[in-house]
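For reference, the chains in residue letters:
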Amino acid sequence: MGLQLYNSLTRRQEEFEPLEKDSVGIYVCGPTVYGHAHLGHAKSYVSFDILVRYLRYLGYRVTYVQNITDVGHLTDDADEGEDKIGEAAKREKKHPMALAESYTRSYFEDMDKLNCVRPDISPRASGHITEQIELVKTLLAKSYAYEVNGSVYFDVSKFKEYGKLSGRNIEEMVAGSRVEVSPDKRNPVDFALWKKAEPNHIMQWPSPWGMGYPGWHLECSVMSMKYLGATIDIHGGGLENQFPHHECEIAQSEAANGVPFVRYWLHNNMVTVDGQKMGKSLNNFITLKQAFAGQHERLTKRYDPLAVRQLILNSHYRSPIDFSDAALFAAQSGYNKITEAVQAVRKKAATAPQGQIDGNVAEQLKQLKDRFEAAMNDDLNTSIALSVVFELVRLANNALQDGSAAAQTFGAIDDLFGRLGGEVLGIVKDEYPQLAAVDDELTDMLVTILIEQRSEARKSKDFARADALRTRLDEAGVVLEDKPDGTTWRKK
RNA sequence: GGCGGCGUAGCCAAGCGGCCUAAGGCGACGGUUUGCAAAACCGUUAUUCGCCGGUUCGAAUCCGGCCGCCGCCUCCA
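Here the structure is a predicted model, which is why all the values come from computation and not from measurement. (Residues numbered from 1 in each chain as written. Chains lettered and ligands numbered in written order. Predicted model: local features only at pLDDT ≥ 70, side-chain atom pairs only at ≥ 80, totals over all residues. Heavy atoms only, no water.)

1. Observations regarding the pairing of strand 9 (residues 232–238)
Worth spelling out the cut-off: Relative accessibility thresholds used throughout: buried, under 20% of the residue-type maximum; exposed, over 50%; partly exposed, between the two (1.4 Å probe, protein chains only). Strands are runs of DSSP state E lasting at least 2 residues, helices are runs of H or I lasting at least 4, and numbering of each runs from the N terminus. Pairs of strands are assigned from DSSP output, requiring at least two bridges between the strands.
By the criterion of burial, strand 9 is predominantly enclosed, with seven of the seven residues buried. Here strand 3 (residues 23–28) runs beside strand 9; their pairing, made up of three bridges, is parallel. Each residue of the ladder has a partner; that of Ile-26, found in strand 9, is Ile-234. Across six bridges, strand 9 lies against strand 10 (residues 262–268) in parallel orientation.

Structural data, given as structure tokens:
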């Protein structure tokens, strides 16, 4: 059985079959670049990164498109309010495009640290104004939209299937509508395709309806069809965007093209911090940069970006995840365990005697690989997949204790670490910098001198002095490990 | 108010009708190893899956009720 994915549109798990054999187009709703990326972004983009990586592992040619929203996303969704980018630009006294540029870079920086593969195309909304205007024109021509006072709205009553993704019906929404309705709209649930810009609005473009700017939902429809076609295989995004954003995308796209917009809709669940929704007012809003630096009052230490990634993979993408210092701490410990095993295996693969691969190990490796793939095929069950990697760690450590194992055995273990833990899960790196040299050379030299002193003391059985040195180093955050071939050190 | 989700060991988290007397990780404890540690390895740590009923030969898994928590519907990935 091949890859099964849970499709939000049908609310069922389905066998994945791309439109074109062997090649897959994926569109994922990207960030609105008005601030640094936070833990919520990490969960979403790591989740879809896993999807892309696994599809490639299975041999598909994947085109991964993820937009950068740099215009049109308003501070509230009633089609009123300020443009998020514009508002932040005023606050930071920057040109909106400068602001968007700097946070776009910040975003890529963080995603690189989380080891997310870069999208093949990262289209900017502001770079596709022409195409967005074209789509509005098409919708007007087909009578799915109407113009009022320089703004254009989508007429939801014309699109009978509106609500099919989020399971809502228009009547109920109208009745329960809590937001103030723009008097220009014929129907409260209608949404803006194009908004007339007030003279002081920072970003605006000429259009057939006067100066204005695109509605937020429009960009995804336009860029998705431009780069991946009218019908795409997979569209991913956060659950909070299922309604209204994705519902509106479907309406616009299908009304304009007359064909299904997306075949598989995938939504990742949300993030909480210490059990509560993450919000600036709750003082639990943690950016990735803060997590990586350990600079937040909710965090006791800095966390390795890949430990954050591992914590995300520890649960299913459709389950919510609660970030807490304790959870991050546990993930960091587990991540270290994997990292240390991989490094030890690689060292042995290079130094152990040549010989035959252990048949028993080879058989176990095959079983682990099969179980890993079965888990991933089951709607990307990374929790199980990760547990398989931990079993591989145990297998590796057992082999390391077996003095007779050949280099080939370690080579095979390393290979599976690379494929499963590296290629697919992205928590095993191809190369690890010398741990000691990470921070600075001077520290390494000084610690090395102290280790030599202690080794001499141990040789002359002066254990009191040796232990005193170790204790002092421990107090300074340096942990010593005596191994058969010498003493190594690491930071606590 | 409308819609949806969740409640499994000290903590995180899989499992969603029989291979479950419930994966994996963290933590804790005992053992091997070590001059002593650390790391690693071996073992122990839920006869039970929020509570109460029901369906079934059989339920953590399905149904009903209750309790608790969370999310979306309003900017958010």
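The discussion continues.
2. Things to note about the side chain of Ser-23
To be explicit about the condition: By definition, residues are in contact when any of their heavy atoms lie within 4.5 Å.
Relative to the helices and strands, Ser-23 is located in strand 3. Looking at Ser-23, the relative accessible area reads 13%, which means it is buried. Beyond its immediate chain neighbours, meaning those up to four positions away, Ser-23 contacts Pro-18, Tyr-60, Arg-61 and Asp-233.

3. Some remarks on the pattern of salt bridges
A side chain with one charge may pair with a side chain of the opposite charge, provided their charged atoms come close. Applied cut-off: The term salt bridge refers to a side-chain nitrogen of Lys or Arg lying within 4 Å of a carboxyl oxygen of Asp or Glu.
As enumerated under the stated definition, the model contains 28 salt bridges in all. The partner of Lys-164 in a salt bridge is Glu-254, with the nearest N and O atoms 3.0 Å apart. With Lys-164 in the loop between strand 6 (151–154) and helix 5 (170–176) and Glu-254 in helix 7 (residues 242–257), this residue pair connects regions lying 90 residues apart in the sequence. Taking the shortest distance from any N to any O, the salt bridge between Arg-490 and Glu-481 comes out at 2.5 Å. For Arg-490, a relative accessible area of 31% gives the class partly exposed.

4. Notes on the sheet that holds strand 10
Just so we agree on the cut-off: Angular values range over 0 to 180 degrees, each being the angle between N-to-C directions of two axes fitted as lines to C-alpha atoms, with helices fitted over their stretch in contact.
Strand order in this open sheet of four strands is 4-3-9-10, and the pairing throughout is parallel. Pairing within the sheet leaves two strands with one partner each, and these edge strands are strand 4 (61–66) and strand 10. Neighbour to neighbour, the strand axes of the sheet diverge by 20 degrees on average, direction disregarded. Contacts from helix 1 (residues 39–57) reach strand 3, strand 4, strand 9 and strand 10 within the one sheet, and its direction differs from that of strand 4 by about 160 degrees.

5. Side note on the sheet that holds strand 11 (residues 271–273)
With respect to topology, three strands assemble into an open sheet ordered 12-11-13, the strand pairing being mixed. Two strands close off the open sheet at either side, each with one partner strand: strand 12 (276–277) and strand 13 (321–323). As paired elements, strand 11 and strand 12 share two bridges and run antiparallel to each other. By the bridge assignment, Val-273 is partnered in strand 12 with Gln-276.

6. Digging into the packing of helix 4 (residues 129–141) against helix 6 (residues 216–228)
What counts is decided by this rule: Relative orientations are named as follows: roughly parallel for angles under 35 degrees, roughly antiparallel for angles over 145 degrees, roughly perpendicular for angles from 65 to 115 degrees, and oblique for any other angle. In this classification, the charged set is Asp, Glu, Lys and Arg, the nonpolar set is Ala, Val, Leu, Ile, Met, Phe, Trp, Tyr, Cys and Pro, and all remaining amino acids, among them Gly, are polar.
Packing of helix 4 against helix 6 brings their axes to within 9 Å, and their N-to-C directions diverge by 100 degrees. Taken together, the axis directions place helix 4 and helix 6 in an arrangement best described as roughly perpendicular. For the pair helix 4 and helix 6, contact is made by Glu-131, Gln-132, Leu-135 and Val-136 and by Leu-218, Glu-219, Ser-221, Val-222, Met-225 and Lys-226, respectively. Here the contact of helix 4 with helix 6 is built from residues that sort into five nonpolar, two polar and three charged.

7. A word on helix 2 (residues 84–92)
Think of an α-helix as turning once every 3.6 residues; residues three or four places apart then point the same way. Among the residues of helix 2, Lys-84, Ile-85, Gly-86, Ala-88 and Ala-89 are the ones counted as buried. Lining the buried residues of helix 2 we find helix 3 (96–113). Lys-93 occupies a position one or two residues after helix 2 and carries a positive phi of about 55 degrees.

8. Things to note about the side chain of Glu-249
As a reminder of what qualifies: His is not counted here, nor are the chain ends, while Lys and Arg score as positive and Asp and Glu score as negative.
One can find Glu-249 in helix 7. Buried and without a salt bridge, Glu-249 has Lys-164 as its closest oppositely charged side chain, separated by 12 Å.

9. Thoughts on helix 12 (residues 382–401)
To be explicit about the condition: Here a helix's expected span is defined as the number of its residues, less one, multiplied by 1.5 Å.
The terminal C-alpha atoms of helix 12 lie 29 Å apart, and with 20 residues this matches the ideal 28 Å at 1.5 Å per residue to within 8%. Of all the residues in helix 12, the buried ones are Thr-382, Ala-385, Leu-386, Val-388, Val-389, Leu-392, Val-393, Leu-395, Ala-396 and Ala-399. If you follow the buried residues of helix 12, they end up packed against helix 1, helix 9 (305–313), helix 10 (325–351), helix 11 (359–377) and helix 13 (407–424).

It is worth stressing that arrangement in space is one thing and function is another; only the former is reported here.
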